[in-house]
Amino acid sequence: MMDFMSLLTAIPEHTNFIAKFIEVLNNGIFNSGVTVGTFGVTVIVFTLIFKFALLPLDLWQKFSMRKQNKTMERLRPQLEKLEKQYANQPDKLKQKQAELQKGQLGGMFGSCLPMLVTMVVFFVVLGGFNDYIRVENEKIVYTIAEAYNTALANGTSLSPEQIAGMYHIEKFLWISNIYMPDTWSAVIPTMEQYVGSGMGALNATRPDIANIPNWYEVLIKPAADVYNKSSFWNIGKWNGYLVLPILSIITSILSAKLLGTSQANTAMGTKEQQKSAQKTQKFMNYIMPVMFGVFSLFYSSAFALYIFISSLFSTIFNLIFNLISKNVDKKKAEIVA
């Protein structure tokens, strides 16, 4: 029989720096006497800290786009003149427009930079949350396995009810288990969800215990029998009700819409080509909200909560920045007049 103490030392550690920061933050919050909420509170605090840390970059992007918009307003009369002069020579028009804009605008890279940064941040944080959720699920199972082995070493055994009672579930508001998606998902991960490597799967490891060949049935299934739904229509045992995915999509769309109003149009060529470029830019702006919604459906409720709080923060930030910018422009126009 495997020495049960070796199970504790075999419990995986967080490898992603985001996951490590979340763990430190979580321990700091709940070891400091704070009793409100659950891990969801840690996610909210982490999101706000992370967004404030990135605020200088957001401001730089905002001021950069604002500067480009002002430059485009100044160049517009000359660009319109070129459009009339080279109306029947689209290639020549594009060349002349590029010469006029050279060194004065950020170009395509500048207009795409906010989306590129958002994509990079999104996948970095996704990796961090996936690592955290995976390890926390592994800790639950390894701890149960350690208790199971201890009982065997003492000549006793744990009942399914005892094992089910040991399965730690992180509840948050309407969500039964914040480690699982806010959907009709199972509250306790199925074997496919636990060891799988597909979209939304935990890709977790199992305790290497020779005397537990049917490890899932022994260590996880007792809790699954208590908490998981027996059929899709057993709505009362859904892990969540799609609230966070829906809110994530709505706030992401609002944030993208507010961001789009401040983006500069630096497209070159004929009016038709410029309109086509504008449509492409708008389409790209709305890809992110759709992607956020899809990931919110398949990944943990904790990550969906992060997306919602992050999008809500961005929406409020964009709204405030746009209002302040309009007031500044209005005052400058009054002074000039």
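First, a word on scope: everything that follows refers to the structure included in this document. (Residues numbered from 1 in each chain as written. Predicted model: local features only at pLDDT ≥ 70, side-chain atom pairs only at ≥ 80, totals over all residues. Heavy atoms only, no water.)

## A word on the overall build of the protein chain
So, point 1. The helix and strand inventory of the protein chain stands at 13 helices and 0 strands.
So, point 2. Within the protein chain, contacts between residues at least 6 apart in sequence are counted, and of these 76% link residues at least 24 apart.
So, point 3. Split by element, the accessible area of the protein chain, about 17,800 Å² in all, is 64% carbon and sulfur. (Helix = DSSP H or I, 4+ residues; strand = E, 2+ residues; numbered from the N terminus. Contact = heavy atoms within 4.5 Å. Areas by Shrake-Rupley, 256 points an atom, 1.4 Å probe, with all protein chains shown as cover.)

## Digging into helix α4 (residues 55–85)
So, point 1. Relative to the 45 Å expected for 31 residues at 1.5 Å per residue, α4 spans 44 Å between its end C-alpha atoms, a close match to the ideal helical length.
So, point 2. Most pronounced at Leu 75, the bend in α4 amounts to some 50°, and the proline Pro 77 follows within four residues. (Expected span 1.5 Å × (residues − 1). Bend = angle between axes of the 7 residues up to and from the residue.)

## Details of the side chain of Ser 301
So, point 1. Mapping Ser 301 onto the fold places it in helix α13 (residues 301–336).
So, point 2. Separated by 2.9 Å, the side chain of Ser 301 and the backbone nitrogen of Asp 182 make a polar contact.
So, point 3. Among residues more than four places away in sequence, those in contact with Ser 301 are Ile 175, Asn 177, Ile 178, Met 180, Pro 181, Asp 182, Asn 239 and Leu 244. (Polar contact = N/O pair within 3.5 Å; in protein donor to acceptor, adjacent residues only side chain to side chain.)

## So, the environment of Ile 250
So, point 1. Locating Ile 250 in the fold gives a position in helix α11 (residues 243–260).
So, point 2. When the C-alpha atoms of Ile 250 and Ser 311 are compared, they prove to be 8.9 Å apart, with 61 residues separating the residues in sequence.

## Quick word on the pattern of salt bridges
So, point 1. Applying the stated criterion across every chain, the model contains 5 salt bridges.
So, point 2. When the shortest N-O distance is used, the salt bridge between Lys 139 and Glu 136 registers 3.5 Å. One end of the pair, Lys 139, and the other, Glu 136, are both in helix α6 (residues 107–153), 3 residues apart, so they sit about a helical turn from each other.
So, point 3. A relative accessible area of 13% means that Glu 136 is categorised as buried.
So, point 4. The shortest N-O distance in the salt bridge between Lys 221 and Asp 225 comes to 3.0 Å. (Salt bridge = Lys/Arg side-chain N within 4 Å of Asp/Glu carboxyl O. Buried < 20%, exposed > 50% of the residue type's maximum accessible area, 1.4 Å probe, protein only.)

## Topic: a nonpolar patch on the surface
So, point 1. A cluster of nonpolar side chains, namely Trp 184, Met 199, Phe 232, Trp 233, Val 290, Val 294, Leu 297 and Phe 298, defines an oily patch on the protein surface of about 800 Å² accessible area.
So, point 2. Mapped onto the elements of the fold, Met 199 is located in the loop between α8 (191–195) and α9 (215–219).
So, point 3. Since its relative accessible area comes to 42%, Met 199 is described here as partly exposed. (Patch = residues over 30% accessible without salt bridge, like charges linked within 9 Å, V, L, I, M, F, W, Y side chains within 5 Å.)

## A closer look at the nonpolar core
So, point 1. Counting 54 residues, the largest nonpolar core has Phe 39, Phe 46, Phe 129, Leu 219, Ile 220, Phe 303 and Tyr 306 as its most contacted members.
So, point 2. Examining the composition of this core, we find that 12 residues originate from one element, α6, more than from any other.
So, point 3. With near-sequence residues (within four places) excluded, Phe 303 lies in contact with Phe 122, Val 125, Leu 126, Phe 129 and Phe 295.
So, point 4. If you look at the next biggest cluster of nonpolar residues, it comprises 7 residues, including Met 72, Leu 79, Tyr 86 and Leu 100. (Core = buried A, V, L, I, M, F, W, Y, C linked by side-chain atoms within 4.5 Å.)

## A word on the packing of aromatic side chains
So, point 1. For the coordinates displayed, the defined rule picks out 24 aromatic pairs.
So, point 2. When the ring of Phe 232 is compared with that of Trp 238, the centres are 5.2 Å apart and the planes differ by 55°; the resulting orientation is tilted.
So, point 3. Take Phe 232: its relative accessible area is 37%, and that puts it in the partly exposed class.
So, point 4. The class of Trp 238 is buried, set by a relative accessible area of 11%.
So, point 5. Note on Phe 303 and Tyr 306: the rings are 5.8 Å apart at their centroids and 25° apart in plane angle, and the pair reads as stacked. Highlighted residues: Phe 303 and Tyr 306, both in helix α13, separated by 3 residues, approximately one helical turn. (Phe/Tyr/Trp six-rings, centres within 6.5 Å; stacked < 30°, edge-to-face > 60°.)

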